[in-house]
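# Secondary and tertiary structure notes
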Amino acid sequence: MGEVVRLPGGTVTLQDAADAFLDHHDLARSTRRVYRTSLASLVAGLGPATAVGELSGPMLAGWWRRR
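Throughout what follows, the structure given in this document is the object of discussion. Just so you know, these numbers come straight off a predicted model, no measurement behind them.

At a minimum axis distance of 10 Å, the contact between helix 1 (residues 14–24) and helix 2 (residues 29–46) shows a crossing angle of 175°. Here helix 1 lies roughly antiparallel to helix 2, going by the angle between them. Where helix 1 approaches helix 2, its residues Leu 14, Gln 15, Ala 18, Phe 21, Leu 22 and Asp 23 are matched on the opposing element by Arg 32, Tyr 35, Arg 36, Leu 39, Leu 42, Val 43 and Leu 46. Taken together, the residues of the contact of helix 1 with helix 2 sort by class into nine nonpolar, one polar and three charged.

Written out as structure tokens, the structure reads:
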């Protein structure tokens, strides 16, 4: 089962959230590699400085469709 992890206070960027997820979860090497690649593409596509609070369902769905 997943676990909620508290991120640092203030504005959390997409890059910060991706890094925190990958650093915290106990994942198999192959899973970590696939997640790292997928999250790197997301960060590159939406911008590393994008605040997590600015993300929306339609924004993410659009990115996945274009990808």
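Relative to each other, helix 2 and helix 3 (residues 57–66) sit at 110°, their axes nearing to 11 Å. By the angle class used here, helix 2 and helix 3 are roughly perpendicular. In this structure, helix 2 crosses over helix 3, and the sense of that crossing is right-handed. Between helix 2, through Ser 38, Ser 41, Leu 42, Gly 45 and Leu 46, and helix 3, the contact on the second element is made entirely by Met 59, Leu 60 and Trp 63. Of the residues contributing to the contact of helix 2 with helix 3, the split by class is five nonpolar, three polar and no charged.

What follows concerns the environment of Tyr 35. Mapped onto the elements of the fold, Tyr 35 is located in helix 2. The spacing of Tyr 35 and Leu 22 is 13 residues in sequence and 7.8 Å in space, taken between C-alpha atoms. Discounting chain neighbours no more than four positions away, the residues touching Tyr 35 are Phe 21, Leu 22 and Leu 27.

Conventions adopted
- One numbering rule holds for all chains: residues counted from 1, following each sequence as written.
- Note on the predicted model: pLDDT of at least 70 is required for a residue's local features to be given, and 80 or more for side-chain atom pairs to be given and counted; whole-chain, interface and lining totals, by contrast, use all residues.
- The basis for the side-chain values is all heavy atoms of the structure; hydrogens and waters are excluded.
- Where helices are involved, their axes are fitted lines through C-alpha atoms of the stretch in contact, as for all axes, and angles between N-to-C directions lie from 0 to 180°.
- Every helix listed is a DSSP run of H or I at least four residues long, and every strand listed is a run of E at least two residues long, numbered separately from the N terminus.
- Oblique is the label for every angle not falling under 35 degrees (roughly parallel), over 145 degrees (roughly antiparallel), or within 65 to 115 degrees (roughly perpendicular).
- Note on contacts: a residue pair qualifies if any of its non-hydrogen atoms lie within 4.5 Å across the two residues.
- Polar here means any residue other than Ala, Val, Leu, Ile, Met, Phe, Trp, Tyr, Cys and Pro, which are nonpolar, and Asp, Glu, Lys and Arg, which are charged; Gly is therefore polar.
- Handedness of a crossing is defined here by the sense of rotation of the near helix relative to the far one, left-handed for an anticlockwise turn of less than a right angle and right-handed for a clockwise turn.

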